[in-house]
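The lines below spell out each chain.
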Amino acid sequence: MTNTLVTLESRPLGAIKESNFGLKTEKIRKLKDDEFLVAIEALSMDPAIRGWMNAGTTYIKGIELGTVMRSFSAGKIVQSKNEAFKVGDYVEGMLGAQSHAISDGKGIRVINISKSKLTHHLGVLGMPGMTAYFGFLRKGEPKTGDVVYISAASGVVGSTVGQIAKIKGCTVIGSAGSDTKCKFLTEECNFDYAINYKTEDLNTKLKEYAPEGVHIYYDNVGGETLDIALLNLAQGARVVICGAISQYNDMANIYGPKNYMKIVTARGYLTGIIVFDYVKEWSNAADEIAAWITEGKINVKEHVVQGLDNYFSTLEMLFTGENFGKLILSI
């Protein structure tokens, strides 16, 4: 048997390039005791991958040159020498951007796909959904009646945050980069308002939709969007920094917030979310989100691309805004 894998061949300076990646085939070695082999069916394409391509260590070590691209992946166990992971089980975890992966089970969870799609466990029931759940509920500390603003709201994290906010009795505002995405937010995700930041003035619209200010800003974008959100904070506001996709391609010259003193005048706070801090609680959170999906309280949208040979062009979509919904690479 052979494995096809995407490797990191060079570190990007600015935007990613196709030359940063390699596509290789290798023979799959025999399993050792307590190991199992997964035939991977789908990869999660996440903005965090861009940060993992850099050298050094932040909350996680950068990917080593010449090694497989890091990725949350899901698939079916086809061989096993581990009693806890049986042939036929479906699993999810950081198995990499490849067609097959050998694991000893560390950090891997068995998933039940009888009542959910496999790809949901890479999105709304996986790391992105957990980021939304814990980032909003634990870090944002929502209260009934709060006004919540979410940037990059049509992505899986943003749309999940917004729908959880509606469940918790909040007024929800989202911004996205097209009228189609904005329509999705209001008509399918139950957002109260959606702003097309490419054609509408974000500051003006926030003042219109949140005249008393924003109580929770969930930031997926950073840069000027964060600056504008800071101008519109309500007293006691909570700013949750999840990501800064507008900045990832030029982190050496990152745009710092000019309006950070609004945190002081709003008597608020600014905090960050790293989802791995809550990994022991993922299972319970996934069960609750799954129940909300079954009840029709959370709607899920996916954008699926086929083939490992399309890895670069698919990852690039995250930074051009071309994808609509949770981005999945199917093998």
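Counting restarts for each chain, with residues numbered from 1 along the sequence as it is written. Given that this is a predicted model, residues contribute local features only at a pLDDT of at least 70 and side-chain atom pairs are listed and counted only at 80 or more, while totals for whole chains, interfaces and linings are drawn from all residues. As a convention, hydrogens and water are excluded, and side-chain values are obtained from all of the structure's heavy atoms.

Once that is clear, we can look at the layout of surface pockets. For each structure, a 1 Å grid was placed over the protein atoms alone; sets of points admitting a 1.4 Å probe that cannot get out are labelled cavities, open sets with protein on both sides within 12 Å along at least five of seven lines are labelled pockets, and lining residues have an atom within 4 Å of a point. Grid points are joined across faces, edges and corners, and a volume is the space filled by probe spheres set on the points. By volume, the second largest pocket amounts to about 910 Å³. Glu92, Gly93, Gly107, Ile108 and Arg109 are, among the 39 residues lining the second largest pocket, the residues nearest its centre. Runs of H or I in DSSP of at least four residues are treated as helices and runs of E of at least two as strands, each being numbered from the N terminus. Listed by contribution, the elements that provide at least two residues to the lining of the second largest pocket are strand S2 (21–27), strand S5 (90–93), strand S6 (100–103), strand S7 (109–111) and helix H8 (282–294). Taken together, the residues of the lining of the second largest pocket sort by class into 17 nonpolar, 13 polar and 9 charged. Side-chain classes follow a simple rule in which Ala, Val, Leu, Ile, Met, Phe, Trp, Tyr, Cys and Pro form the nonpolar group, Asp, Glu, Lys and Arg form the charged group, and the remainder, Gly included, forms the polar group.

For Val156, the position within the fold is in helix H3 (residues 156–167). Three exposure classes are used, based on accessible area relative to the maximum for each residue type with a 1.4 Å probe and protein chains only: buried under 20%, partly exposed in between, and exposed over 50%. Assessed through its relative accessible area of 12%, Val156 is described here as buried. Between the C-alpha atoms of Val156 and Phe324, which are 168 residues apart in sequence, the distance is 9.2 Å. Note on contacts: a residue pair is in contact if any heavy atoms of the two residues lie within 4.5 Å. Leave out the neighbours within four places in its chain, and Val156 touches Gly123, Val124, Pro128 and Lys326.

A separate point is a negative patch on the surface. Residues enter patches when their relative accessible area tops 30% and they take part in no salt bridge; the joining distance is 9 Å for like charges and 5 Å for the nonpolar side chains Val, Leu, Ile, Met, Phe, Trp and Tyr. Where accessible areas are quoted, they stem from the Shrake-Rupley method and a 1.4 Å probe; at the residue level, only the protein chains shown are allowed to cover. Salt bridge, as used here, is a side-chain nitrogen of Lys or Arg placed within 4 Å of a carboxyl oxygen of Asp or Glu. Charge counting follows a simple rule: Lys and Arg are positive, Asp and Glu are negative, and His as well as the terminal groups are ignored. Where a charge lies is defined by one atom per residue type, namely NZ (Lys), CZ (Arg), CG (Asp) and CD (Glu). A grouping of Asp33, Asp34, Glu83 and Asp104 is seen on the molecular surface, where their side chains present a negatively charged patch. Looking at where Glu83 falls in the secondary structure, it is placed in the loop between strand S4 (73–80) and S5.

Looking now at the environment of Asn299. Topologically, Asn299 is positioned in the loop between H8 and strand S14 (302–306). Take Asn299: its relative accessible area is 28%, and that puts it in the partly exposed class. In this structure, the C-alpha to C-alpha distance between Asn299 and Asn190, residues 109 residues apart in sequence, is 9.2 Å. Dropping the residues within four chain positions of it, Asn299 is found in contact with Gln163, Phe184 and Glu188. Of note is the side chain of Asn299, whose polar atom sits 3.2 Å from the side chain of Glu188. In the analysis that follows, any N or O atom pair within 3.5 Å is treated as a polar contact, provided that within protein one partner can donate a hydrogen and the other can accept it, and provided that, for residues neighboring in sequence, both atoms belong to side chains.

In this analysis, strands are considered paired if DSSP registers two or more bridges between them. With parallel pairing, the 6 strands of this open sheet are ordered in space as S10-S9-S8-S11-S12-S13. Each edge of the open sheet carries a strand with a single partner, namely strand S10 (193–196) and strand S13 (269–272). Each strand axis lies, on average, 15° off the axis of its neighbour in the sheet, ignoring direction. Pairing of strand S8 (residues 147–150) with strand S11 (residues 214–219) involves 3 bridges; the strand directions are parallel. Paired with Val148 across the two strands is Ile216, which belongs to S11. Axis lines are fitted through C-alpha atoms, for helices just across the contact stretch, and the angle between N-to-C directions can take any value from 0 to 180 degrees. With respect to the sheet, helix H5 (residues 202–209) is in contact with S8, strand S9 (171–176) and S10, its orientation differing from that of S10 by roughly 170°. Its contacts with the sheet put helix H6 (residues 223–230) on S8, S11 and strand S12 (233–241), and the angle it makes with S12 is roughly 155°.

The subject of this paragraph is helix H9 (residues 311–320). Among all positions of H9, only Tyr311, Phe312, Thr314, Leu315, Met317 and Leu318 are buried. On its buried face, H9 sits against strand S1 (2–8), S2, strand S3 (36–44), helix H1 (48–52), S14 and strand S15 (326–330).

What follows is about a nonpolar patch on the surface. On the surface, Tyr260, Met261 and Val264 cluster together into a nonpolar patch covering about 330 Å² of accessible area. Among the secondary structure elements, Val264 is positioned in helix H7 (residues 262–265). Given a relative accessible area of 51%, Val264 falls into the exposed group.

Fair warning: the whole summary comes from geometry, so function is off the table for now.
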